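Architecture and fold: a report
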Amino acid sequence: MSDAATRKIKVWRVRILATTWLSYAGFYFCRKNYAIVKSSVLETLEITRSELAHIFTVYLIAYMLGQFLTSFLGRHVATRVLLLAGMAITLGCNVAFGFSYLMGPAGYVPMMVLMVINGFAQATGWPGNVGVLSNWLGRRERGRTMAVWATSYQLGSILAKTFAAFLLAAAGAVWSFWGAAGVMLVVWVLFLVFQRDRPEDVGLPSLVEEVEVLVGDGPSERVHQSGLFAGWTRSVILTVFSMGACYFVFKFLRYSLDSWSPMAIEELFGLGKAGAGLVSTLFDWIGFLGVFAAGWASDRYFAGRRYQTIVLMTIGMVFAFGFLAVFGVRSVWLFALGLSLCGFMLMGPDSLLAGVGAIDVGGRKGAIVAAGLINGLGSIGPI
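Residues numbered from 1 in each chain as written. Predicted model: local features only at pLDDT ≥ 70, side-chain atom pairs only at ≥ 80, totals over all residues. Heavy atoms only, no water.

1. Details of the overall build of the protein chain
For clarity, the cut-off: Secondary structure elements are taken from DSSP: a helix is a run of H or I of four residues or more, a strand is a run of E of two residues or more, and numbering for both begins at the N terminus. Just to be clear, the radius of gyration here is over C-alpha atoms, and the globule rule we use is 2.2 Å times residues to the power 0.38. Classification of residues uses two cut-offs on accessible area relative to the type maximum, computed with a 1.4 Å probe and protein chains only: under 20% is buried, over 50% is exposed, and between them is partly exposed. The contact rule is simple, with two residues in contact once any of their heavy atoms fall within 4.5 Å. When charges are counted, Lys and Arg contribute as positive and Asp and Glu as negative, whereas His and the chain ends are disregarded. Throughout, a charge is located at the NZ atom of Lys, the CZ atom of Arg, the CG atom of Asp or the CD atom of Glu.
When you go through the protein chain residue by residue, the secondary structure sums to 14 helices and zero strands. The globule rule puts the C-alpha radius of gyration for 383 residues at 21 Å, and the 21 Å found for the protein chain is close to it. Across its three principal directions, the C-alpha atoms of the protein chain cover 60 × 45 × 45 Å. Residues counted as buried form 56% of the 383 residues belonging to the protein chain. Restricting the contact set of the protein chain to residue pairs at least 6 apart, pairs at least 24 apart contribute 80%. Here the protein chain contributes 29 positive and 20 negative side-chain charges, whose respective centroids are spaced 4 Å apart.

Spelled out as structure tokens, the structure:
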């Protein structure tokens, strides 16, 4: 390969990593803001805690169903089109959330309906971007590279919640919604201009082998030739569903803390809304380090195999949650420490299962399907 072609590949890989990173971080701006403004929504819409929970529950149901829908559409629609549509719709929903909030008690039903729409739109984000990356990353580099890329939902969550908390304090809850929409608009334009799905779309050769995981050689291990599981054997299908079942547990725990810790900190320790929101970002800040550690360890010590790292960090996670439950409620400092430990031990396995693991097992053509199925099954947990 010529030096010019090598340079072109490097430039495009940087562009793809940057645009997909911004895309998924942008999705987080348009959904993490809700956790920060929960108590404001509770007061302004004059609803109970259960009614408040219902708003996000319908979002989670739509998000879960949307993962499976994205898996199906990923076989038939260009990933770029799916992602641009999803980003545009979630942007519009956040503009509308602001107006629903201003309606007071009458805004409850509109906000719930909009949350359903937002859930389906948000569901394009993870499998879509993972599907794009599967075309640009070889197996031996995925652990480290995806560990860096997965900071899109670590830093994205931190920045989204910090941004929402800042706007809440400075201008009110309505601007936590409208500000997120503004961020997504900028990301949408950058994605439209600079992103492409495959190397072949820009005149480059394929960078990734077509089929990477085919397990077994018996009659039951025949390769599916068409449909959702095209190119997969029975063992691969079982592996994907097993990964989804594991991911169910991680997302159950992650969303429990992520969705409710700001309000819990506010009520347990008497912090203000903005302060509680900022403390809650420790879950993401330290989780950010856990993602790096997991990706690096799986490549460095386990030759690209992921399960050993997942098992070890899951054991650590059990102890971290025990610490949070027993000691964390005693002071805001102990809560912050427990939240940090939970973030580190949880986020590492979380990123391996839903990101690089989905690419490993799904292969280039099936990564968007694997990511959608794993994330879809996992998304039952938060509901």
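2. Brief notes about the pattern of salt bridges
Keep this limit in mind: In what follows, salt bridge is the name for a side-chain nitrogen of Lys or Arg lying within 4 Å of a carboxyl oxygen of Asp or Glu.
Scanning the entire structure with this criterion turns up seven salt bridges. Between Asp201 and Arg198 there is a salt bridge, and its shortest N-O distance comes to 3.1 Å. Among the ionic contacts, a cluster of salt bridges with common partners joins Lys32, Lys161, Asp258 and Asp284.

3. Some points on helix H9 (residues 173-194)
As a reminder, the rule being used: The span you would expect from a helix comes to 1.5 Å times its residue count less one.
The end-to-end C-alpha distance of H9, which contains 22 residues, comes to 32 Å, matching closely the 32 Å that a straight helix rising 1.5 Å per residue would cover. Among the residues of H9, Ala173, Val174, Ser176, Phe177, Gly179, Ala180, Ala181, Met184, Val187 and Phe191 are the ones counted as buried.

4. A look at the nonpolar core
Note the cut-off: To define a nonpolar core, start from buried Ala, Val, Leu, Ile, Met, Phe, Trp, Tyr and Cys residues and group those joined through side-chain atoms within 4.5 Å.
Among the nonpolar cores identified, the biggest contains 104 residues, and Val41 and Met111 are the most heavily contacted of them. Examining the composition of this core, we find that 20 residues originate from one element, helix H14 (residues 332-378), more than from any other. Ignoring any residue separated from it by four or fewer positions in sequence, one finds Val41 in contact with Tyr34, Glu46, Ile47, Leu52, Ile55, Tyr101 and Met111.

5. Details of the packing of aromatic side chains
One pair of aromatic rings is described through two measures. These are the centre distance and the angle between the planes. Applied cut-off: Aromatic contacts are taken between Phe, Tyr and Trp rings whose centres are within 6.5 Å, Trp giving its six-membered ring; a plane angle under 30 degrees counts as stacked, one over 60 as edge-to-face, and the others as tilted.
By the definition in use, this model includes 19 aromatic pairs. Their ring planes at 70° and their centres at 5.8 Å tell us that Phe269 and Phe335 sit as a pair that is edge-to-face. Here Phe269 is found in helix H10 (residues 234-269), whereas its partner Phe335 is found in helix H14, with 66 residues between them in sequence. Relative accessible area serves as the criterion here: at 21%, Phe269 is assigned to the partly exposed category. Given a relative accessible area of 7%, Phe335 falls into the buried group. Among the aromatic residues, those joined into a ring-pair cluster are Tyr24, Phe27, Tyr28, Trp126, Trp149 and Tyr153.

6. Quick notes on empty space enclosed by the protein
Using a probe with the size of a water molecule, rolled over the atoms, empty space left in the structure can be pinpointed. Our working rule: Only protein atoms enter the 1 Å grid used here, on which a cavity is any set of points holding a 1.4 Å probe that cannot leave and a pocket is any open set flanked by protein within 12 Å on both sides along at least five of seven lines; residues with an atom within 4 Å of a point are listed as lining. Grid points are joined across faces, edges and corners, and a volume is the space filled by probe spheres set on the points. Lys, Arg, Asp and Glu make up the charged group, whereas Ala, Val, Leu, Ile, Met, Phe, Trp, Tyr, Cys and Pro make up the nonpolar group; the residues left over, Gly among them, are polar.
Counted according to the given criterion, the structure contains four cavities of 30 Å³ or more. A total of four residues in the lining of the largest cavity trace back to one element, the largest contributor, which is helix H1 (residues 3-36). Residues that form the lining of the largest cavity fall into these classes: four nonpolar, one polar and four charged. Lining of the second largest cavity is provided by Trp126, Gly143, Met146, Ala147, Ala150, Val291, Gly295, Ser351, Leu352, Gly355 and Val356.

7. Notes on the side chain of Asn33
Where we set the bar: Pairing of N or O atoms within 3.5 Å defines a polar contact, subject to two protein rules: one partner must be a possible hydrogen donor and the other a possible acceptor, and residues neighboring in sequence count only if both atoms are side-chain atoms.
Looking at the secondary structure, you find Asn33 in helix H1. Relative accessible area serves as the criterion here: at 2%, Asn33 is assigned to the buried category. Reaching out from Asn33, the side chain makes a polar contact with the backbone oxygen of Ser176 at a distance of 3.2 Å. Not counting residues up to four positions away in its chain, the partners in contact with Asn33 are Tyr28, Asn94, Ala164, Ser176, Phe177 and Ala180.

8. Quick look at the layout of surface pockets
Estimates place the volume of the second largest pocket at around 350 Å³. Forming the walls of the second largest pocket are 15 residues, and the residues nearest its centre are Gly74, Thr79, Asn135, Arg198 and Lys365. Here the element with the most residues in the lining of the second largest pocket is H14; it accounts for four residues. Along the lines of polarity and charge, the residues of the lining of the second largest pocket split into four nonpolar, five polar and six charged.

9. A closer look at the packing of H10 against helix H13 (residues 307-326)
Test applied: Helix axes are fitted to C-alpha atoms over the stretch in contact, other axes to C-alpha atoms as well, and angles between N-to-C directions run from 0 to 180 degrees. With the far helix as reference, a near helix turned anticlockwise by less than a right angle produces a left-handed crossing, and one turned clockwise produces a right-handed crossing.
Following both chains from N to C, one finds H10 and H13 inclined at 35°, their axes separated by 13 Å at the closest point. Handedness of the H10/H13 crossing: left-handed. In this structure, H10 contributes Phe250, Leu253 and Leu257 to the contact, and H13 contributes Ile310, Thr314, Met317, Phe321 and Leu324. Among the residues making up the contact of H10 with H13, the classes are represented as seven nonpolar, one polar and no charged.

10. Notes on the confidence of the model for the protein chain
Put simply, the rule is: The predictor rates its confidence in each residue with pLDDT, a number between 0 and 100.
Here the protein chain averages 89 in pLDDT, and 95% of its residues register 70 or above. Across residues 211-217 the pLDDT falls below 50, and counting only partners more than four positions away or on other chains, this stretch makes 15 contacts in the model.

11. So, a nonpolar patch on the surface
We count it as follows: Each patch is built from residues that are more than 30% exposed by relative accessible area and take part in no salt bridge. Like charges join if they lie within 9 Å; nonpolar side chains (Val, Leu, Ile, Met, Phe, Trp, Tyr) join within 5 Å. Exposure was quantified through the Shrake-Rupley algorithm and a 1.4 Å probe, taking into account, for residues, occlusion by the shown protein chains and nothing else.
A cluster of nonpolar side chains, namely Leu22, Leu185, Val186, Val189, Leu190, Leu192, Val193 and Phe194, defines an oily patch on the protein surface of about 610 Å² accessible area. With seven residues, the top contributor of residues to the nonpolar patch is H9. Topologically, Phe194 is positioned in helix H9. Under the relative-accessibility criterion, Phe194 is labelled partly exposed at 36%.

12. Some remarks on unusual backbone geometry
Look at Glu46: it is not a glycine, yet its phi comes out positive at around 55°. Looking at where Glu46 falls in the secondary structure, it is placed in the loop between helix H2 (38-44) and helix H3 (49-73). When its relative accessible area of 62% is taken as the criterion, Glu46 is described as exposed.

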